[in-house]
Amino acid sequence: MYEQGSPIQISVTNSQSRFKLKLSSLCTVIALCCLIAGCSKESGPQTFPVKGKVIYDGKPLNNGTVRYAPIDAAKGRAAIGEISKEGGFTLSTYKPGDGVLPGKYNISITAFVIPEDATEKQIQKQYFNKPAIPKKYFDVKTSGLNDSVDDSHSGYTEFVLTN
C-alpha cells in the first residue's frame, strides 16, 4: 500500500523492457531514413538555369515545347520546357525549372496551330496536328539549333526561327 511521502515503485518486466528497446531502435531507424531521404533530394548533378524565348515570323510563338537533347546521351539527360503564350520557356531536367545539366545540346522545337475556338481540354490533349513552324525544327537532327551549357552560360537563349 502507498503511504504519503514514500517512493513509488514500478515493476518493469523483461518483455516491457524489450518492447521499449525495439520501439527506440525503430524510431532511430525511421529518423535516419527520413534524414537520408531529405538530404538526397538536394543532392545530385548540378544544373544551370536556362530560360528563353522563341520567335517565328517576327512574333513570339504562343505554344509548344523546347527540348535540349544531349549530343553525348551517355553523359547527359534531356531538358524540356513548355512555351508560354508570350513565347517564353524555362527548361527542366529533374524538377520544374531546375535547368540543364552542363554539356552540349542539339535542340528541337515543336509548335502547332491552335484554333481560336479550341477548348482548354482540346489544348491539353494536344488534338492539333498542323505545324505552326517548319517541321525541320521538330527534330534535333534537322533543326540546326544547338547550345552549350556550363557555368559561363548567360541563362537566357532566344531562338529566332526562319522558313
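Note: the structure precedes this text.
Source: prediction; values computed, not measured.

What follows deals with the environment of G155. Topologically, G155 is positioned in the loop between β7 (145-149) and β8 (156-161). Sequence-wise, G155 and G52 are 103 residues apart; in three dimensions their C-alpha atoms are separated by 8.0 Å. With sequence-adjacent residues up to four places away left out, G155 is seen in contact with P49, V50 and K51.

Turning to the packing of aromatic side chains, a few remarks are in order. Enumeration over the complete set of coordinates arrives at three aromatic pairs. Ring centres of Y68 and Y105 lie 5.5 Å apart, and the angle between their planes is 50°; on these two criteria the pair is classed as tilted. Here Y68 is found in strand β3 (residues 65-70), whereas its partner Y105 is found in strand β6 (residues 103-110), with 37 residues between them in sequence. Here the two residues Y68 and Y105 agree in accessibility, since each one is buried. Aromatic pair F112 and F138: ring centres 5.4 Å apart, planes at 90°, arrangement edge-to-face. Linking F112 in the loop between β6 and α2 (120-125) with F138 in the loop between α2 and β7, this pair joins segments that are 26 residues apart in sequence. In this arrangement the basic side chain of K135 is found over the ring face of F138, its NZ or CZ atom lying 5.5 Å from the centre.

A word on the sheet that holds β7. Strands pair in a sheet through their backbones, by hydrogen bonds, and they do so in one of two ways: parallel or antiparallel. Read from one edge to the other, the open sheet built from four strands follows the order β4-β3-β6-β7, with strand pairing classed as antiparallel. The outermost strands of the open sheet, each flanked by one partner alone, are β4 (79-82) and β7. Mean inter-strand twist for the sheet, computed between neighbouring axes without regard to direction, equals 25°.

A separate point is the side chain of D98. Mapped onto the secondary structure, D98 falls in the loop between β5 (88-90) and β6. No salt bridge is formed by the buried D98; its nearest oppositely charged neighbour, K95, is found at 6.3 Å. Within the structure, the side chain of D98 is placed 2.7 Å from the backbone nitrogen of T93, a separation counted as a polar contact. Here the side chain of D98 touches Y94 through a polar contact of 2.9 Å, landing on its backbone nitrogen.

Time to look at the layout of surface pockets. Reported here for the second largest pocket is a volume of approximately 270 Å³. K59, P60, L61, N62 and A132 are, among the 13 residues lining the second largest pocket, the residues nearest its centre. For the lining of the second largest pocket, the class distribution of residues is eight nonpolar, two polar and three charged.

Burial of the side chains of β7 is restricted to one face: L145, D147 and V149 are buried, whereas none of N146 and S148 on the reverse face is. One ladder, built from five bridges, connects β6 with β7; its direction is antiparallel. When the bridges of β7 are listed, Y105 appears paired with D147.

The residue D57 is not glycine, and still its phi comes out positive at about 60°. Its place among the elements puts D57 in the loop between β1 (51-56) and β2 (59-60). With relative accessibility at 60%, the residue D57 sits in the exposed group.

Definitions and limits used
- Residues numbered from 1 in each chain as written.
- Predicted model: local features only at pLDDT ≥ 70, side-chain atom pairs only at ≥ 80, totals over all residues.
- Heavy atoms only, no water.
- Helix = DSSP H or I, 4+ residues; strand = E, 2+ residues; numbered from the N terminus.
- Contact = heavy atoms within 4.5 Å.
- Phe/Tyr/Trp six-rings, centres within 6.5 Å; stacked < 30°, edge-to-face > 60°.
- Buried < 20%, exposed > 50% of the residue type's maximum accessible area, 1.4 Å probe, protein only.
- Lys NZ or Arg CZ within 6 Å of the ring centre and 35° of its normal.
- Pairing = 2+ DSSP bridges.
- Axes fitted to C-alpha atoms, helices over the stretch in contact; angles between N-to-C directions.
- Lys, Arg positive; Asp, Glu negative; His and termini not counted.
- Salt bridge = Lys/Arg side-chain N within 4 Å of Asp/Glu carboxyl O.
- Polar contact = N/O pair within 3.5 Å; in protein donor to acceptor, adjacent residues only side chain to side chain.
- 1 Å grid on protein atoms, 1.4 Å probe; cavity = no way out; pocket = protein on both sides within 12 Å on 5 of 7 lines; lining within 4 Å.
- Points joined across faces, edges and corners; volume = space filled by probe spheres on them.
- Nonpolar A, V, L, I, M, F, W, Y, C, P; charged D, E, K, R; others polar.

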